[in-house]
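Remarks on the overall topology
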Amino acid sequence: MHMENKELDQLILQIPHDDSVFDKLYDQTKTIVFAYIMSIVKNYDESSDILQEVYIKIYLAAKNYTSMKKPLAWIYTIARNESYMHLRRRQINQEFDEAYSAPQNVDMDSQMILQQLFQVLSDMERQIIIMHSLWGFKHHEIANLLDIPISTSLSHYRRGMKKLKKAGGDMYEKTI
């Protein structure tokens, strides 16, 4: 059942006051929003996850919503932004996996040493160090791409570098 703009507009405006209205909005719009996300992401499972994120954002943003007479455009904007953010993260993760698994121009011994060093890092530390040191991303770019505060990016980077220096020193002492 398709709803008119005016009805959707009223539902969104009522969400902060009545949770049941949110359920109605979700039921009425989930199919077309999912189709829109699928047209961007082209993966059913990922689109399902993004759909849930979109509706969480809609729920949280409803308190700041002002009627623009085009509520679907507002919903589609949130869906588009979430979809593109997901695609950027997927691309970064894919590039990260490729860079981590087989760095170019690095011999087998160096790869093994790098892998041993990186084992002391958390996933977040490893990702931030690679993005900053190898790919040249600035911390504000990393924070934006990973959807974390800049201070978190900086602290994970510093903590990870300390761990690498300690692990590198420990590895060096073991070889002597």
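Preceding this section is the structure that the text describes.
Just so we're clear, the structure is a prediction, and the values are computed from it rather than from any experiment.

Definitions and limits used
- Residues numbered from 1 in each chain as written.
- Predicted model: local features only at pLDDT ≥ 70, side-chain atom pairs only at ≥ 80, totals over all residues.
- Heavy atoms only, no water.
- Helix = DSSP H or I, 4+ residues; strand = E, 2+ residues; numbered from the N terminus.
- Contact = heavy atoms within 4.5 Å.
- Axes fitted to C-alpha atoms, helices over the stretch in contact; angles between N-to-C directions.
- Parallel < 35°, antiparallel > 145°, perpendicular 65-115°, else oblique.
- Left-handed = near helix turned anticlockwise from the far one by under 90°.
- Nonpolar A, V, L, I, M, F, W, Y, C, P; charged D, E, K, R; others polar.
- Core = buried A, V, L, I, M, F, W, Y, C linked by side-chain atoms within 4.5 Å.
- Buried < 20%, exposed > 50% of the residue type's maximum accessible area, 1.4 Å probe, protein only.

Here's the deal with the environment of Ile129
Along the polypeptide, Ile129 turns up in helix α6 (residues 123–134). Taking the C-alpha atoms as reference points, Ile129 and Gly160, separated by 31 residues in sequence, lie 7.3 Å from one another. Those residues in contact with Ile129, other than ones at most four positions away along the chain, are Leu121, Leu134, Tyr157, Gly160, Met161 and Leu164.

Some details on the packing of α6 against helix α7 (residues 139–146)
Contact geometry for α6 and α7: axes closest at 10 Å, N-to-C directions at 130°. The orientation of α6 with respect to α7, classified from their angle, is oblique. The hand of the α6/α7 crossing is right-handed. Contacts between α6 and α7 involve Met124, Gln127, Ile128, Met131 and His132 from the first element and His139, Ile142, Leu145 and Leu146 from the second. Class assignment for the residues of the contact of α6 with α7 results in six nonpolar, three polar and no charged.

Quick word on unusual backbone geometry
The backbone of Lys42 sits at a positive phi, close to 60°, despite the residue not being glycine. Following the sequence through the fold, Lys42 ends up in the loop between α2 (19–41) and α3 (44–61).

What to know about the environment of Lys69
Locating Lys69 in the fold gives a position in the loop between α3 and α4 (71–101). Filtering out sequence-adjacent residues up to four positions away, Lys69 remains in contact with Asn5 and Asp9.

Regarding the nonpolar core
Grouped together as the largest cluster of nonpolar side chains are 25 residues, with contacts concentrated most on Leu25, Val33, Ile37, Val54, Tyr55, Ile58 and Ile75. Elements with a contribution of two residues or more to this core: α1 (5–14), α2, α3 and α4. Among the elements that take part in this core, α2 stands out by supplying nine residues, more than any other. Setting aside residues up to four positions removed in sequence, Val33 forms contacts with Leu51, Val54, Tyr55, Ile75, Tyr76 and Ala79. Within the second largest apolar cluster, 14 residues are counted, among which are Ile129, Met131, Ile142 and Leu146.

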